[in-house]
Each structure stands twice: as structure tokens, then as C-alpha cells.
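# Structural overview for review
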Amino acid sequence: MIDLLKKLIIHKSDTPTGANEALQFCANWLEQQGIEVNLHQNNGLDILTAEIGQGADCLIWNGHVDVVPAAIEQYTPFVDGDLLYGRGAADMKAGVAAMMFSFVELSKSANKLPRRLQLHLVTDEETGGENTSGWLVRNGYNGQFVICGEPTQLQIGLQAKGILQFEIQFKGKASHGSRPWEGLNAVLQAMHFHSKLLESPITNAHNTFYDSPSINLATIQAGERFNVVPDQCNVRYDIRYVPGQSAEVILHDIQKILDEEKVQAEIIIHSIAPAVTTSADDPFVLSLLKTTATICDKQATLFGQHGSADTRFYAADGVGAIEFGPTGADWHGPAEYVSISSVYRYANIIKAHALS
């Protein structure tokens with residue numbers, strides 16, 4: 001399994017072409033182990049599905065082989081004690097290797113599975129997921145429960161914040177820079193709006209897992225010359241909202257701020273994705289808690305992710321979906337690693353869970 005993980009890391013899968021090549025490697029490896037795989041393609045991106053077992057219920061293991069760019073030396077994996085270093089080691093080729101290896105082992109006694117088990121391997125999670133996991137869900141590939149093998153330190157990511165990404169185009173009036181009172185500075189309007197946004201009721205939302213939503217002022221574009229008052233300022237926001245909040249209500253409240261402050265501006269929505277709100281009482285969650293406690297000799301923690309993963313596509317279809325994966329650190333960073341012993345524990349947990 002660790003040799004498989006090393007081979008996956010060697011694949012420089014930070015581009016669509018590289019990710020497709022890594023997925024083809026996965027397909028070849030699975031076929032060599034006797035697994036019948038199905039390859040799909042959407043907008044130039046490859047997707048792999050495979051299924052074993054039988055029955056009405058379906059459990060899905062989802063993993064992505066694409067990674068974010070890294071220095072070339074990060075694609076040469078190396079081991080230091082219990083740690084395996086390399087781009088994608090944690091996020092999330094360790095989860096993929098464990099799922100592939102476990103899927104093959106379970107296929108040898110698939111008649112013992114109390115349900116169907118599907119493996120979904122995808123190639124664009126790091127760039128949004130719409131073309132692969134999103135495509136799978138839109139085309140009917142869903143089940144009763146989904147595990148995305150993101151690195152979670154063997155804890156269970158039960159919830160994830162929703163996503164609201166939008167642009168606001170503030171409109172002012174240009175004037176000579178020496179006479180700013182004759183114009184209307186769009187940058188100052190944007191700054192004033194931002195301060196009001198941070199004071200608004202939007203920021204007060206919270207639940208068991210989150211103290212507040214995340215508000216990121218991501219980009220600002222305005223002005224071209226020292227001696228001109230800028231008449232336009234475009235800002236982009238990435239708001240990750242708490243489960244229980246509504247993107248539509250947030251947008252209504254933002255428009256209310258603009259109206260009350262008499263700011264001339266236009267909101268342009270770029271992306272909205274629902275929060276993940278899997279129940280702690282879901283039978284698959286309860287079974288996973290029990291299995292993890294047995295194998296790790298301690299209870300797993302339930303937590304909420306601030307970021308998002310492909311769980312959101314499956315959860316939007318009304319099924320339970322969680323993030324659950326091995327222990328690692330510094331993913332997307334220069335010293336990304338995964339704990340080798342945790343990969344083995346993870347594989348044992350998901351195999352036992354699939355059989356429970």
C-alpha cells in the first residue's frame with residue numbers, strides 16, 4: 001500500500017493532463033488486481049468508478065488524485081521514520097492508496113459485503129470539483145453515505161461551511177487627485193462597506209462546531225494613476241458560512257448594507273455551494289465511531305471543516321457525507337507529509353466499516 005502511495009506521489013498531477021495520467025495509473029493498477037473499472041470523461045477530465053458487492057444500499061469512497069503545484073523535488077517521496085513526505089502525501093493520495101488497496105482486498109470476499117461499495121476517483125477537486133465529483137452526482141452516482149478521504153487526523157469531519165463567492169463593483173466619480181472633494185472615491189466606498197460588513201449580523205452566526213463564518217476579502221482592483229480619484233473599485237469576497245445560515249439571506253443583508261449606506265454598487269455572484277450538515281446520529285457515522293474506537297483504542301472526534309471538499313456535491317443530493325482520512329500535515333505546503341502508521345489504521349477502519 002505504501003509502495004502504491006509512493007508511485008502516486010511521483011505522478012506530477014498538478015495539471016489536468018498530469019491528473020488524468022495519475023488516474024490512468026490508478027485504473028491500470030486496479031485492473032491488474034482484477035477490478036473492473038469504468039472510465040468517464042467530462043470537459044477533458046477523467047473520472048474512475050468501480051463497484052463491488054450487492055444490495056439496495058450503497059457506500060461510496062471518494063478520492064482525488066489532483067494536487068496543487070509544488071517544487072519539483074516534492075514529487076520525489078521520501079520516508080523519515082513514520083512520516084512519508086511528498087506533494088499529495090496527505091492531500092490526498094494517502095487516502096486514495098488506502099481506498100484502492102482496501103477495495104481490492106474487499107473484492108476478494110465481496111459476498112460478505114452487506115451493501116454495494118463504489119470507488120470514485122476524480123481529477124479536479126483542487127480546482128472546484130464541478131467537472132468530476134459534481135458530474136458524478138449529476139449523473140446519478142450517489143449512495144446512502146459517502147466518505148471523502150481528505151486528511152483529518154483520523155477524526156470525522158461531519159460538517160463543512162457553505163461557500164459564497166461574489167464580486168462587488170463600487171461606482172464613484174473621478175476627479176483630479178489634488179481636489180478629491182470634487183469626486184467620489186470608489187476605494188473609500190469599498191473600505192466603508194467592508195467595515196460595515198464586519199459589524200453586521202452576518203458575522204454572529206455560530207453552532208456547535210463554528211464560532212462564526214469566515215469572511216475573506218480576497219482581491220481589490222482599483223485606480224490607475226496617483227493624480228486621479230478612482231471612480232471604480234472591484235472587490236471579491238469569499239464567505240464560508242455556518243450551517244444554518246443561508247447564502248440568499250447573506251446576499252440580502254449585504255444589499256441592505258449597500259442601500260442603507262447609499263453606496264452605488266453591483267453584486268456579481270461567482271459561486272454558491274451549500275454547507276454540509278451530516279447528522280451525528282447517522283447510522284453510518286455511529287458505526288464509523290464504533291469501528292474507529294475499536295481499532296485506535298480511542299473515540300474519534302466529530303468536527304466541522306472551515307474549508308470544503310467534494311462532500312458538498314454528494315450532501316447536496318441529501319445523503320450523509322463526511323471527510324475522514326489519515327494523519328498528516330502541511331498539505332499545500334513545502335513539507336507535506338502523512339503518517340505511515342495512520343494510513344494502515346485508516347485502511348483497517350474503512351474496511352471494517354464497509355463490512356459493518
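Keep in mind that this is a model prediction, so the values were computed, not measured. (Residues numbered from 1 in each chain as written. Predicted model: local features only at pLDDT ≥ 70, side-chain atom pairs only at ≥ 80, totals over all residues. Heavy atoms only, no water.)

### Brief notes about the overall build of the protein
Put simply, the rule reads: Each helix corresponds to a stretch of at least 4 residues labelled H or I by DSSP, and each strand to a stretch of at least 2 residues labelled E; elements are numbered beginning at the N terminus. Buried residues are those whose accessible area, probed at 1.4 Å on protein chains only, stays under 20% of the maximum for their type, while exposed residues exceed 50% and partly exposed ones sit between those limits. Residue contacts are counted whenever heavy atoms from the two residues lie within 4.5 Å of one another. Working definition of accessibility: Shrake-Rupley area with a 1.4 Å probe, residue cover restricted to the visible protein chains.
A count of helical and extended segments in the protein gives nine helices and 17 strands. For the protein, the C-alpha atoms occupy an extent of roughly 80 × 45 × 40 Å along the three principal directions. Looking at the 356 residues of the protein, the share that counts as buried comes to 52%. By sequence separation, contacts in the protein at least 24 residues apart represent 79% of the contacts at least 6 residues apart. Taken as a whole, the protein presents about 15,900 Å² of accessible surface, with 50% of it coming from carbon and sulfur.

### Remarks on the packing of helix α7 (residues 283-296) against helix α9 (residues 340-355)
When two helices pack together, their arrangement is captured by the angle between the axes and the distance separating the axes. Where we set the bar: To obtain each axis, a line is fitted to C-alpha atoms, and for helices this fit is confined to the stretch in contact; angles are then taken between N-to-C directions over 0 to 180 degrees. Here roughly perpendicular refers to angles of 65 to 115 degrees, roughly parallel to angles under 35, roughly antiparallel to angles over 145, and oblique to all remaining angles. Should the near helix be turned counterclockwise from the far one by less than a right angle, the crossing is left-handed, whereas a clockwise turn marks it as right-handed.
Contact pair α7 / α9: the axes reach a minimum separation of 9 Å and the direction vectors enclose 135°. Here α7 lies oblique to α9, going by the angle between them. Seen from above, α7 lies across α9 with right-handed handedness. In contact with Phe284, Ser287, Leu288, Thr291, Thr292, Ile295 and Cys296 of α7, α9 contributes Arg345, Asn348, Ile349, Ala352 and His353.

### Here we look at the packing of helix α1 (residues 2-10) against helix α3 (residues 89-107)
Our working rule: Residue polarity is assigned by list, with Asp, Glu, Lys and Arg as charged and Ala, Val, Leu, Ile, Met, Phe, Trp, Tyr, Cys and Pro as nonpolar; anything else, Gly included, falls into the polar class.
Running from amino to carboxyl end, α1 crosses α3 at an angle of 135°, the nearest separation of the two axes being 9 Å. In this view, α1 runs oblique relative to α3, as classed from their interaxial angle. For the crossing formed where α1 meets α3, the hand is right-handed. Packed against α1, whose contacting residues are Leu4, Leu5, Leu8 and Ile9, the element α3 presents Ala89, Lys93, Ala94, Val96, Ala97 and Met100 at the interface. Residue classes in the contact of α1 with α3 are distributed as nine nonpolar, no polar and one charged.

### Structural notes on the environment of Lys12
Rules: Polar contact criterion, stated in full: a pair of N or O atoms within 3.5 Å, where within protein one must be able to donate a hydrogen and the other to accept it, and residues adjacent in sequence count only if both atoms are side-chain atoms.
With respect to the helices and strands, the residue Lys12 is situated in the loop between α1 and α2 (16-32). Its relative accessible area of 39% is what places Lys12 among the partly exposed residues. Along the backbone, Lys12 and Ala70 are 58 residues apart, and their C-alpha atoms lie at a distance of 9.0 Å. Setting aside anything within four residues of it in sequence, one finds Lys12 in contact with Gly18, Ile72 and Tyr75. Within the local environment of Lys12, its side chain forms a polar contact with the side chain of Asp14, the two groups lying 3.0 Å apart.

### Re the side chain of Asp14
With respect to the helices and strands, Asp14 occurs in the loop between α1 and α2. By relative accessible area, which is 17% here, Asp14 ends up buried. A distance of 3.2 Å separates a polar atom in the side chain of Asp14 from a polar atom in the side chain of Tyr75. Look past the residues within four positions of Asp14 in its chain and what remains in contact with it is Val67, Val68, Pro69, Ala70 and Tyr75.

### What about the nonpolar core?
Definition in use: Nonpolar core, defined: a set of buried Ala, Val, Leu, Ile, Met, Phe, Trp, Tyr and Cys residues in which side-chain atoms within 4.5 Å join the residues together.
Formed by 58 residues in total, the largest nonpolar core has its most connected members in Leu30, Trp61, Met100, Leu117, Leu119, Ile322 and Phe324. The element contributing the most residues to this core is α3, with 11 residues. Ranked by size, the runner-up nonpolar core spans 22 residues in total, among them Phe193, Cys233, Leu258 and Val263.

### With respect to the sheet that holds strand β5 (residues 83-85)
Two modes of strand pairing occur in sheets, parallel and antiparallel, and in both the strands are linked by backbone hydrogen bonds. Cut-off, in case you're wondering: Two strands are counted as paired when DSSP detects at least two bridges linking them.
Spatial ordering of the open sheet is given by β4-β5-β17-β16, a layout of four strands whose pairing is antiparallel. Looking at strand neighbours, the two that pair on one side only are β4 (78-80) and β16 (328-329), the edges of this open sheet. Relative to strand β17 (residues 337-339), β5 is paired through three bridges, and the arrangement is antiparallel. Looking at β17, one finds that Leu84 is bridged to Val338.

### Focus: the sheet that holds strand β10 (residues 214-222)
One open sheet holds the four strands; their spatial order is β10-β11-β9-β12, and the pairing between them is antiparallel. A strand with exactly one partner marks an edge of an open sheet, and here the two such strands are β10 and β12 (265-273). Ignoring strand direction, the axes of neighbouring strands in this sheet form an average angle of 15°. In terms of strand pairing, strand β9 (residues 162-171) meets strand β11 (residues 232-241) through 10 bridges, oriented antiparallel. Bridged to Gln169 within β11 is Asn234.

### Things to note about α7
What counts is decided by this rule: For a helix, the expected span equals 1.5 Å multiplied by the residue count minus one.
When the terminal C-alpha atoms of α7 are compared, their 20 Å separation across 14 residues agrees well with the 20 Å that a helix rising 1.5 Å per residue should span. Along α7, the residues that are buried comprise Phe284, Val285, Ser287, Leu288, Leu289, Thr291, Thr292 and Cys296. If you follow the buried residues of α7, they end up packed against β3 (58-64), β7 (145-148), β8 (156-160), β14 (302-305), β15 (320-323) and α9. The N-terminus of α7 is capped by Asp282, whose side-chain oxygen sits 2.7 Å from the backbone nitrogen of Phe284. Phi turns positive one or two residues past the end of α7, at Asp297, with a value near 65°.

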